Amino acid sequence: MAANQSETIAKVKASNSMTIKLMVNKRSGKIMYAEAGKDFVDLLFSFLILPTGAIAKKALVSKTTKEEDQAKVCCITNLYKSVESLSASAMKADKWVLLDPKVFSKIYNNDTLSIQIPPPAAPPRYYVCSNVSYGSLTHSLSTQSGTATCPCGHSVNSEVKLADSSSVTAKGPLRLLGYVKETANFVITDDLRVMPANSTATVVQLWNQLDVQEPTNLKEQNVTIGSNEVMLLLKAAMVSNTALTDVFKVDSKFSTTVGTGANQIPLQELLLKMLREKKT
């Protein structure tokens, strides 16, 4: 029984995982860029639709966050923990509206990020007046009961059923299209700039930007993206400009600053800057 359950869990994890190719500098070990298809790019772009509360819950205050990282708290983490610790008597709304906000998308879903397909809308209900079968008057039709008065003087409050409602209510399963085309291939830099790899010239231009002198200086490394890597990528996207290296380099450690050396920016300042830019 336990063996069957383990096999089932393994199959689920395999179905939710994806593989990308990393191009690594042989000498420094730095991850220069990644080559990936639709599934990975759709995942990265989905980070943009997540509300801040969901990011805080999944990437910044998750149970899997290392203790040394938890010590370097940022403002959004403090806000999240403040709501978490408040008693229900102090809250007018359900605190889980803030702590675990729901994310719906009609074109993309992801179990790890809890991006869900929106629930199906209830089919409309139609009402007429109780006098509709009499006389030659024109009668009213409404989608609300008792809110309208028919020209004949009666209240519009009698529900009617459509003779064939299947054509109205049955739309079939929702087709999830994602954000980019299935046939497209992309290169993703360490700081998560995404570019279509539609020609050799694009890759050569990227090599020039990254100061890659010879293609032989790079080695390929295939990595699998599972739920743990998704969470790490989300966190790295919020606090770093070397996301791929942070997640996939063995000896890499996360930092709560963005940039390097004298150009480091605390995460708190980054979030405030993002909010100011959004207002303008």
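Model, not experiment: these values are computed from the prediction.

### Let's talk about the overall build of the chain
Right, on to step 1. What the chain contains, in helices and strands, is eleven helices and twelve strands.
Right, on to step 2. The contacts of the chain with a sequence gap of at least 6 include a subset with a gap of at least 24, amounting to 56%.
Right, on to step 3. Counting only carbon and sulfur atoms, one obtains 54% of the accessible surface of the chain, whose full area is about 18100 Å².

### Re the nonpolar core
Right, on to step 1. Membership of the largest hydrophobic core comes to 35 residues, with the highest contact counts inside it found for Ile20, Phe40, Leu43, Leu113, Ile225 and Phe248.
Right, on to step 2. Looking at which element gives the most residues to this core, the answer is helix H9 (residues 227-239), with seven residues.
Right, on to step 3. Leu43 has contacts with Met18, Tyr108, Asn110, Leu113, Ile225 and Val230, leaving out every residue within four places of it along the chain.
Right, on to step 4. Core analysis: the next-biggest nonpolar cluster, separate from the first, contains nine residues, Met23, Val187, Leu206 and Leu218 among them.

### Brief notes about the pattern of salt bridges
Right, on to step 1. Counted under the stated rule, the structure contains six salt bridges.
Right, on to step 2. Between Glu220 and Lys21 there is a salt bridge, and its shortest N-O distance comes to 3.7 Å. Residue Glu220 is located in strand S10 (residues 218-225), and its partner Lys21 is located in strand S1 (residues 18-25); the two are separated by 199 residues in the primary sequence.
Right, on to step 3. Look at Lys21 and you get partly exposed, because its relative accessible area is 24%.
Right, on to step 4. Here the salt bridges do not stand alone but share partners, grouping Lys21, Glu35 and Glu220 into one network.

### Details of helix H5 (residues 75-85)
Right, on to step 1. When we look at burial in H5, the residues that qualify are Ile76, Thr77, Tyr80 and Val83. Projected onto a plane normal to the axis of H5, the buried residues spread over an arc of 130° and lie on a single side.

### Structural notes on the sheet that holds strand S9 (residues 194-196)
Right, on to step 1. One open sheet holds the five strands; their spatial order is S9-S8-S2-S1-S10, and the pairing between them is antiparallel. Of all strands in the sheet, those bounded by a partner on one side alone are S9 and S10. Strand-to-strand twist of the sheet, defined as the mean angle between neighbouring strand axes without regard to direction, takes the value 25°.
Right, on to step 2. Note: strand S2 (residues 31-36) against strand S8 (residues 186-189), four bridges, orientation antiparallel. For Glu35, the partnering residue across the bridge sits in S8 and is Val187.

### Considerations on the packing of aromatic side chains
Right, on to step 1. One pass over the structure, following the stated rule, counts one aromatic pair.
Right, on to step 2. When the centroid spacing of 5.5 Å and the interplanar angle of 35° are considered together, the rings of Tyr108 and Tyr179 count as tilted. Of this pair, Tyr108 sits in the loop between strand S3 (103-104) and strand S4 (115-116) while Tyr179 sits in the loop between helix H7 (166-169) and S8, and the two are 71 residues apart along the sequence.

### Considerations on the side chain of Thr245
Right, on to step 1. Along the chain, Thr245 turns up in helix H10 (residues 243-248).
Right, on to step 2. A relative accessible area of 12% places Thr245 in the buried class.

### Quick notes on the side chain of Asn110
Right, on to step 1. Checked against the element boundaries, Asn110 lands in the loop between S3 and S4.
Right, on to step 2. At 3.0 Å, the side chain of Asn110 forms a polar contact with the backbone nitrogen of Thr112.
Right, on to step 3. When neighbours within four sequence positions are excluded, Asn110 is seen to be in contact with Leu43 and Ile115.

### Notes on the pairing of S2
Right, on to step 1. Burial analysis of S2 places five of its six residues in the buried class, which makes it a mostly covered element.
Right, on to step 2. Alignment of S1 against S2, held across four bridges, turns out to be antiparallel. Directly across from Leu22, in S2, lies its bridge partner Ala34.

### Notes on the confidence of the model for the chain
Right, on to step 1. Scored by pLDDT, the chain comes out at a mean of 75, with 69% of its residues at no less than 70.
Right, on to step 2. Confidence, read as mean pLDDT per element, is least for strand S11 (residues 257-258) in the chain (40) and greatest for helix H2 (residues 38-46) (93).
Right, on to step 3. Across residues 8-14, where pLDDT falls below 50, the model places zero contacts with residues more than four positions away in sequence or in other chains.

Conventions used here
Each chain has its residues counted from 1, running along the sequence as written. At least 70 in pLDDT is required for a residue's local features to be given in this predicted model, at least 80 for side-chain atom pairs to be given and counted, and no such filter applies to totals for whole chains, interfaces and linings, which use all residues. With hydrogens and water set aside, each side-chain value is computed from the structure's full complement of heavy atoms. Helix and strand assignments come from DSSP, with helices taken as H or I runs of at least 4 residues and strands as E runs of at least 2, each series counted from the N terminus. In what follows, residue pairs with any heavy atoms lying within 4.5 Å of each other are defined as contacts. Values of accessible area rely on a 1.4 Å probe in the Shrake-Rupley scheme; residue burial ignores everything except the protein chains shown. Put simply, buried Ala, Val, Leu, Ile, Met, Phe, Trp, Tyr and Cys residues joined by side-chain atoms within 4.5 Å make one nonpolar core. In this scheme, a residue with accessible area under 20% of its type's maximum is buried, one over 50% is exposed, and one in between is partly exposed, where area comes from a 1.4 Å probe on protein chains only. Salt bridges are defined by distance alone: a side-chain nitrogen of Lys or Arg within 4 Å of a carboxyl oxygen of Asp or Glu. Directions are taken from the helix axis to each C-beta atom, and the arc is the one they span. Here a strand pair is declared whenever DSSP counts at least two bridges between the two strands. For helices, the fitted axis covers only the stretch in contact; all axes are lines through C-alpha atoms, and the angles between them, taken along N-to-C directions, range from 0 to 180 degrees. Paired rings are identified among Phe, Tyr and Trp, the last through its six-membered ring, by centres lying within 6.5 Å, and are further divided according to the angle between planes into stacked (under 30 degrees), edge-to-face (over 60) and tilted (the rest). N or O atoms closer than or at 3.5 Å make up a polar contact, with two conditions inside protein: a donor-capable atom paired with an acceptor-capable one, and, for residues adjacent in sequence, both atoms drawn from side chains. Each residue gets a pLDDT score, which is the predictor's confidence in that residue and runs from 0 to 100.

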